Each structure stands twice: as structure tokens, then as C-alpha cells.
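Residues per chain, in single letters:
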Amino acid sequence: ETGVTQSPTHLIKTRGQQVTLRCSSQSGHNTVSWYQQALGQGPQFIFQYYREEENGRGNFPPRFSGLQFPNYSSELNVNALELDDSALYLCASSLAGGVGNNEQFFGPGTRLTVL
Amino acid sequence: SQKIEQNSEALNIQEGKTATLTCNYTNYSPAYLQWYRQDPGRGPVFLLLIRENEKEKRKERLKVTFDTTLKQSLFHITASQPADSATYLCALGDEGGATNKLIFGTGTLLAVQP
């Protein structure tokens, strides 16, 4: 098990609602990335936070937003939920970018179902 | 846009044999490539990282090769065991290495029969 924790483990929402997912990174890691994994697919990069600033974003609309706190924990917020947002949301912590240290430690994920 | 492909079919092998998984990519020049293992309902677990200037990396029963000319990586598990059964994900690292962004393939399901 990695030291990355996520909450909640499961969540059911309806279309149009908003959701906040939380992640505590592994001790000593200053970078948090969020991924969306649909059933049968590989994880898709949403964005990355480094020292409380967004540092890289994938092809996701602005209704996906995030925060990183001084203790390096992070939140993912999704507004105006759509059915296609149903997926496993994964948080991964790591040391800062650069070719040297890029191993990522994933949490167990939050399973979001949008009805 | 970049594309990454892994064996779409599940791979079934007999215990003790070597499993070989393939990862091909196009329109991308990753600074590094990683392999992860994912069990059902759980997050991916890091296995190996190989950089663009490395040809081969080994760790215990695992071996990964990286051919930047062919744009291909091969992942080998020798002396496979039923406990190796899982989905294996190939992931391309950021081209400039400036972020930890990973582009994942869809994964290959490996089933090792006793």
C-alpha cells in the first residue's frame, strides 16, 4: 500500500450537481496529479499541482478544477456533473517533475457514479 | 495527436513461462516510459521506469526494453506466477520531463494459469 489516501471511496451524484474529492499525498511528496479512469480504459491525466499551483493540464473542461494546500494535500472539484463523468478518480503523489524522480504513488481512488 | 497501444487481447500463459507485453506509441517522444500494475478496484502500482537514453532495465523477475526508433517498449515477466495476474499499464512520460504528466495505454490483462 502507498501512503496516498483518498476520500470518499464511493460517491453517487446526479447530473448537474457538484462534487469535491480529496487526496492526502505520501509524506515528503510535493506534487499531486489527478487522473480519471473510465471502465476498461487507462487513466487520463486531468491536471497536476506543484507547490499549490496548477502545473500542467490535460484535455478536461474548466468545470474540472483543483486545489493544493500547504501540506500538499489536494482537492478535485467537478461542477455541473455529466453522466460521462462517472469513473474512478485517482490521485497520485510524487516528487517534483524532472527526469530523475517520476515514480508516482497512486491512491486507491474514488468511484464516482453520476445518475 | 499521440497514440499509445497495448495488446488489446488478454494474455493467457502457463505458470513458469515468460509473459511478454507490448506497448507501441506514435506522434510522441517521451523523456521516459513507465510500467504499472493494476488490480481490480485499486490504483496502479509502479513497477519500472526506463529513460529515453536507456535500452533495458531489470528488477527481479521483471525486464523492460525501450526502443525509441521503433517507438516500442516490451515488458517481460519471467517465471510467471498466478499472483502476477493483473492488468499491466504502459505510461509515457512528459516529452520535456518538466511535469509528471503520464499518458497511459488501455492496459493488457495478464492471466497466469497454475
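Each residue is numbered by its place in its chain's sequence as written, counting from 1. As a convention, the first chain written is A and the first ligand written is 1, with the rest following in written order. In view of the model being predicted, local features appear only for residues whose pLDDT reaches at least 70, and side-chain atom pairs are presented and counted only at 80 or more, with totals across whole chains, interfaces and linings using the full set of residues. Hydrogens are left out, water is left out, and the side-chain values use all remaining heavy atoms of the structure.

### Some remarks on the pattern of salt bridges
Then step 1. A pair is scored as a salt bridge if a Lys or Arg side-chain nitrogen falls within 4 Å of a carboxyl oxygen belonging to Asp or Glu. Scanning all chains against the criterion turns up nine salt bridges over all chains.
Then step 2. The residue E75 of chain A makes a salt bridge to R22 of chain A at a minimum N-O spacing of 3.5 Å. Of this pair, E75 of chain A sits in strand β8 (residues 74-78) while R22 of chain A sits in strand β3 (residues 19-24), and the two are 53 residues apart along the sequence.
Then step 3. Type-normalised accessible area, obtained with a 1.4 Å probe on protein chains alone, sets the label of each residue: buried when under 20%, exposed when over 50%, and partly exposed for intermediate values. A relative accessible area of 15% places E75 of chain A in the buried class.
Then step 4. Given the relative accessible area of 42%, R22 of chain A is considered partly exposed.
Then step 5. Note that R61 of chain B and D84 of chain B form a salt bridge whose closest N and O atoms lie 3.0 Å from each other. You can see R61 of chain B sitting in the loop between β6 (56-59) and β7 (62-67) and its partner D84 of chain B sitting in the loop between β8 (72-77) and β9 (86-93), a full 23 residues away along the chain.
Then step 6. Residue D84 of chain B is classed as buried on the basis of its relative accessible area of 7%.
Then step 7. Salt bridges sharing common partners tie together R63, E82 and D85 of chain A. Secondary structure elements follow DSSP: runs of H or I no shorter than four residues count as helices, runs of E no shorter than two count as strands, and numbering proceeds from the N terminus.

### What to know about the interface of chain A and chain B
Then step 1. Pairs of residues are marked as contacts when any of their non-hydrogen atoms sit within 4.5 Å. With 27 residues of chain A in contact, the opposing surface of chain B contributes 22 residues.
Then step 2. By buried area we mean the combined loss of accessible area, with a 1.4 Å probe, across both parts when two parts are placed together. Of the roughly 1900 Å² buried at the junction of chain A and chain B (both faces included), carbon and sulfur atoms supply 52%.
Then step 3. Where chain A packs against chain B, one counts zero salt bridges.
Then step 4. Identification of polar contacts relies on pairs of N or O atoms within 3.5 Å, with a donor-acceptor requirement for protein atoms, meaning one able to donate a hydrogen and the other able to accept it, and with residues adjacent in sequence counted only if both atoms are side-chain atoms. The interface formed by chain A and chain B contains three residue pairs in polar contact (both at pLDDT 80 or more).
Then step 5. Elements that contribute at least two residues to the side of chain A that touches chain B include exactly β4 (31-37), β5 (44-50) and β9 (87-94) of chain A.
Then step 6. Of the residues contributing to the side of chain A that touches chain B, the split by class is ten nonpolar, 15 polar and two charged. Under the grouping applied here, Gly and all other residues not named as nonpolar or charged are polar, the nonpolar ones being Ala, Val, Leu, Ile, Met, Phe, Trp, Tyr, Cys and Pro and the charged ones Asp, Glu, Lys and Arg.

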